[in-house]
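Observations on chain architecture
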Amino acid sequence: LEATTRSAEEVSSRAAIVYPILLPDRAELLLSFGESGMKRYAVPVGREEITAEILRFRALLEKRISNQYRRHGQKLYDWLIRPFEAELVRRKIETLVFVPGGALRTIPMSALQDGKRFLIEKYAVAVTPGVELTDPRPLDRSKIKLFLSGLSESVEGFPALTHVPMELESVQDILGGEILLDENFRLDAVRETLSDEQFSVVHIATHGEFAAKVEQTYLLAYDGHLTMDRLGDYVGLFKFRETPLELLTLSACETAQGDERAALGLSGVAIRAGARSALGTLWVVNDEAAARLVIEFYRQLEDESVSRALALQGAQLELLKKPAYEHPSY
């Protein structure tokens with residue numbers, strides 16, 4: 001059975017779907033509230049000006065010793081969120097699902113700021129590359145089965161990721177699963193394991209790079225490069241099974257800075273694989289912070305009532321509470 005799709009508008013009555021459309025002379029913000037209709041907001045700022053602000057914001061987000069990102073994040077918030085914020089409050093919205101285009105794909109909307117709080121402090125945030133989602137049913141905790149893999153050792157000159165063993169073991173303690181670590185994380189072993197068994201969650205913690213060119217996009221295995229084509233083939237087997245892949249997590253990877261096509265890499269793999277959701281990163285992450293966030297994400301997912309977007313929000317808020325990790329780059 002191939003995984004079915006549904007309109008994004010069908011997701012939840014507590015979610016709003018946001019379509020930011022950047023035009024030469026203005027931005028059109030379309031908000032869908034499911035069966036209760038759609039609203040339109042116009043912002044008199046053109047694509048060129050907004051894109052320039054996005055690129056500045058994106059570059060500054062990675063500078064962990066600087067808060068220069070704030071004024072750019074506030075400006076983007078004023079343009080892209082504030083026009084409809086009162087409506088979100090009125091409707092008691094909990095989750096925002098963005099359908100971004102262009103440069104908007106390269107930034108985490110969660111890090112936009114109203115002057116005091118980040119968007120993630122108000123709403124759970126998700127991104128979808130299109131108006132259809134792979135059937136977004138709740139995660140069935142009783143049938144969950146994890147494939148956990150990663151690299152902690154230095155390979156091909158990449159630095160060691162010393163917190164990966166702790167990350168994988170902690171996730172295993174929470175939800176179980178099989179682990180392929182370091183010398184066991186080989187291309188053949190990944191192929192054989194994913195081909196032979198049916199997993200609901202595939203979690204890979206390793207160096208990786210999403211670039212505009214598919215041949216430059218890969219995850220680092222112990223004995224070579226796990227290309228997106230290859231991963232798509234392996235994981236894509238699930239979409240023809242009774243239970244499609246619920247979650248694809250790529251921890252410690254990065255997306256090429258400012259590259260709109262590269263930012264679609266994770267989404268592309270997830271769609272090809274028929275995954276119902278994917279979690280990944282936009283830049284080189286701090287190893288320890290990423291491990292803490294991922295572990296908390298899975299801990300939050302233990303609660304049957306918590307969606308994947310709410311679980312990520314909960315994990316991000318836990319990290320925000322710690323002074324060492326309050327910068328959005330973490």
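Residues numbered from 1 in each chain as written. Predicted model: local features only at pLDDT ≥ 70, side-chain atom pairs only at ≥ 80, totals over all residues. Heavy atoms only, no water.

Examining the confidence of the model for the protein
The condition is simple: A residue's pLDDT is simply how confident the predictor is in it, with values from 0 to 100. Contacts are residue-level and defined by heavy atoms, with any inter-residue pair within 4.5 Å sufficient.
Mean pLDDT over the protein works out to 86, with 83% of the residues at or above the 70 mark. In the model, residues 1-6 has pLDDT below 50 throughout and makes 21 contacts with residues more than four positions away in sequence or in other chains.

Structural notes on the sheet that holds strand β3 (residues 27-32)
To be explicit about the condition: Should DSSP find at least two bridges between two strands, the strands are taken to pair. Here a helix means four or more residues in a row that DSSP labels H or I, a strand means two or more in a row labelled E, and each is numbered from the N terminus. Only the contacting stretch of a helix is used when fitting its axis, a line to C-alpha atoms as for every element, and angles between N-to-C directions run 0 to 180 degrees.
In spatial order, the strands read β4-β3-β2-β5-β6; together these five strands make up an open sheet with mixed pairing. Of all the strands in the sheet, the pair left with one neighbour each is β4 (38-43) and β6 (124-127). Each strand axis lies, on average, 25° off the axis of its neighbour in the sheet, ignoring direction. Sheet analysis places strand β2 (residues 15-22) next to β3, joined by six bridges and oriented antiparallel. Each bridged residue has a counterpart across the sheet, and for I21 the counterpart in β3 is E28. Against the sheet, helix α10 (residues 308-320) makes contact with β5 (95-98) and β6, and its axis sits at roughly 125° relative to β6, the strand it touches most.

Details of the pairing of β5
To keep things clear, this is the line we draw: Each residue gets one of three labels from its accessible area relative to the maximum for its type: buried under 20%, exposed over 50%, partly exposed in between, using a 1.4 Å probe on protein chains only.
Side-chain alternation along β5 places T95 and V97 on one buried face and L96 and F98 on a second face that is also buried. Pairing of β2 with β5, which is carried by four bridges, proceeds in the parallel orientation. Directly across from A15, in β5, lies its bridge partner T95. Summarising the sheet, β5 and β6 pair through four bridges and their orientation is parallel. Bridging across to β6, F98 finds its partner in V127.

Some points on helix α3 (residues 82-90)
Looking only at α3, the buried set comprises F84, E85, E87 and L88. Packing partners of the buried residues in α3 comprise β2, β3, β4, α2 (69-80) and β5. Looking one or two residues past α3, K92 carries a phi angle of roughly 55°, positive in sign.

Section: the pattern of salt bridges
Under the convention used in this document: A side-chain nitrogen of Lys or Arg and a carboxyl oxygen of Asp or Glu constitute a salt bridge if their distance falls within 4 Å.
Considering all chains together, one arrives at 20 salt bridges under this definition. For the salt bridge of E28 with R26, the shortest nitrogen-to-oxygen distance reads 2.6 Å. A relative accessible area of 30% means that R26 is categorised as partly exposed. Among the ionic pairs, R58 bridges to E62, the shortest N-O distance being 2.7 Å. Members of the salt-bridge network, linked through shared partners, are D25, R26, E28 and R40.

Considerations on the environment of F57
Here F57 is to be found in helix α1 (residues 47-61). Taking the relative accessible area as the measure of exposure, F57 reaches 0% and is therefore buried. Spatially, the C-alpha atom of F57 lies 8.1 Å from that of R70, the residues being 13 residues apart in sequence. In this structure F57 touches Y69, H72, G73, L76, I107, A111 and L112, once residues within four positions along its chain are discounted.

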